[in-house]
Amino acid sequence: MRLSTVILPIHRWSEGQKVWRRAEELGFHAAYTYDHLSWRSFRDEPWFGSVPTLTAAACATERIRLGTLVTSPNFRHPVTLAKELITLDDVSGGRVSLGIGAGGTGFDATALGQEAWSPKERADRFGEFLPLLDELLTNGTTTREGAYYSAVEARNIPGCVQRPRLPFYVAATGPRGLRLAAEYGQGWVTYGDPRGPADVPVEQAPEVIARQIGKLTEACEQRGRDVAELDKLLLQGSTAEKPLQSVDAFVDWAGTYRELGITELVVHWPVPDSIFASDLDVFEKIATDALRQLG
């Protein structure tokens, strides 16, 4: 099991670079950031772009993997996103993973002036977006016409440092998304019950993840793929569970999800006076000691 962190893109770089470097010093496997234009309670607070932030982080670090949790079609197009990702993968020396999902109904959904898409349209768009992005990142030239997304002789030379392309970590809980994860994913991402993870009683939260992994397993079997090939990421912070209260609490929490098959836990870097507030000293102790205690 690996331990990673999410660093929100809220810091001016004079301070932000210190956080990303510290994440590497603490030994986190990866440091991710949210790919939003703004987000929930942070909407009227500082919030920077994910790709420039990750590019700067790539220059400020040497070993830690970097990525998004998660990118979506809400304000992205596969052609322009592919060019940015190839550049980021190059700058980082092949340390980038792309967390990607269908998106939701938050601020990003209407920031470009469009009406928020229905769940069906989000799924339809994602069903085009992901295969096209896969093609763009693996081919030097791509032409494809879709109902929502097209590419006309789009060039992506020299391609990714990672071959055949950088990894996709697909956030999905529904049948269509899970099929895409089984077909295109090198990993799968969940944060709990998408209908309201914080409303699920703590003792029932692992059952939600177990059911999701069961459905992912079925999708992989239908694709003729072993579910063990996929990394399985659990993003902490949305459920009522409180694993960052102490090292012991984290070890108990991590052990539960390791038994269910989760291979990577992702915790939020503490943000004072927010929903992600936690004790930084405890957080750093978890980063350095908890997985060793887990055995």
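Being a predicted model, the structure only gives us computed values, none of them experimental. The residue numbering used here restarts from 1 in each chain and proceeds along that chain's sequence as written. Whole-chain, interface and lining totals are the exception, using all residues; otherwise, since this is a predicted model, local features are given only for residues with pLDDT of at least 70 and side-chain atom pairs are given and counted only at 80 or more. The side-chain numbers reported here are obtained from all heavy atoms of the structure, hydrogens and water having been left aside.

Novice: Teacher, can you tell me more about the pattern of salt bridges here?
Specialist: In a structure, side chains of opposite charge can pair up when their charged atoms sit close to one another. Here, a salt bridge means any side-chain nitrogen of Lys or Arg that lies within 4 Å of a carboxyl oxygen of Asp or Glu. Scanning the entire structure with this criterion turns up 18 salt bridges. A salt bridge links Arg2 to Glu264; the nearest nitrogen and oxygen atoms lie 3.5 Å apart. Here the residue Arg2 occupies a position in strand S1 (residues 2-6), and Glu264 occupies one in strand S10 (residues 264-268), the gap between them amounting to 262 residues. When accessible area is computed with a 1.4 Å probe and restricted to protein chains, residues below 20% of their type maximum are described as buried, those above 50% as exposed, and intermediate ones as partly exposed. Take Glu264: its relative accessible area is 0%, and that puts it in the buried class. Overlapping salt bridges bring together Arg2, Asp231 and Glu264 as one network. In this text, helices come from DSSP runs of H or I with a minimum length of four residues, and strands from runs of E with a minimum of two, each type numbered from the N-terminal end.

Novice: Please explain the sheet that holds strand S9 (residues 231-235) as it appears in this structure.
Specialist: Pairing between the strands of a sheet is mediated by backbone hydrogen bonds and can be parallel or antiparallel. The 8 strands lie next to each other as S1-S2-S3-S4-S7-S8-S9-S10, forming a closed barrel whose pairing is parallel. Taken over all neighbouring pairs, the strand axes of this sheet differ in orientation by 25 degrees on average, direction set aside. If DSSP finds at least two bridges between two strands, the strands pair. In the sheet, strand S7 (residues 168-171) pairs with strand S8 (residues 187-190) via 3 bridges, with the strands oriented parallel. Directly across from Ala171, in S8, lies its bridge partner Val189. On top of the sheet, helix H2 (residues 50-60) reaches strand S2 (30-33) and strand S3 (65-71); it is set at about 170 degrees to S3, its chief contact. Contacts are assigned to residue pairs with any non-hydrogen atoms lying within 4.5 Å of each other. For every element, the axis is a line fit to its C-alpha atoms; helices are fit only across the contacting stretch, and the angle between N-to-C directions ranges from 0 to 180 degrees. Sheet strands touched by helix H7 (residues 247-260): S1, S9 and S10. Its angle to S10, the strand with the most contacts, is close to 140 degrees.

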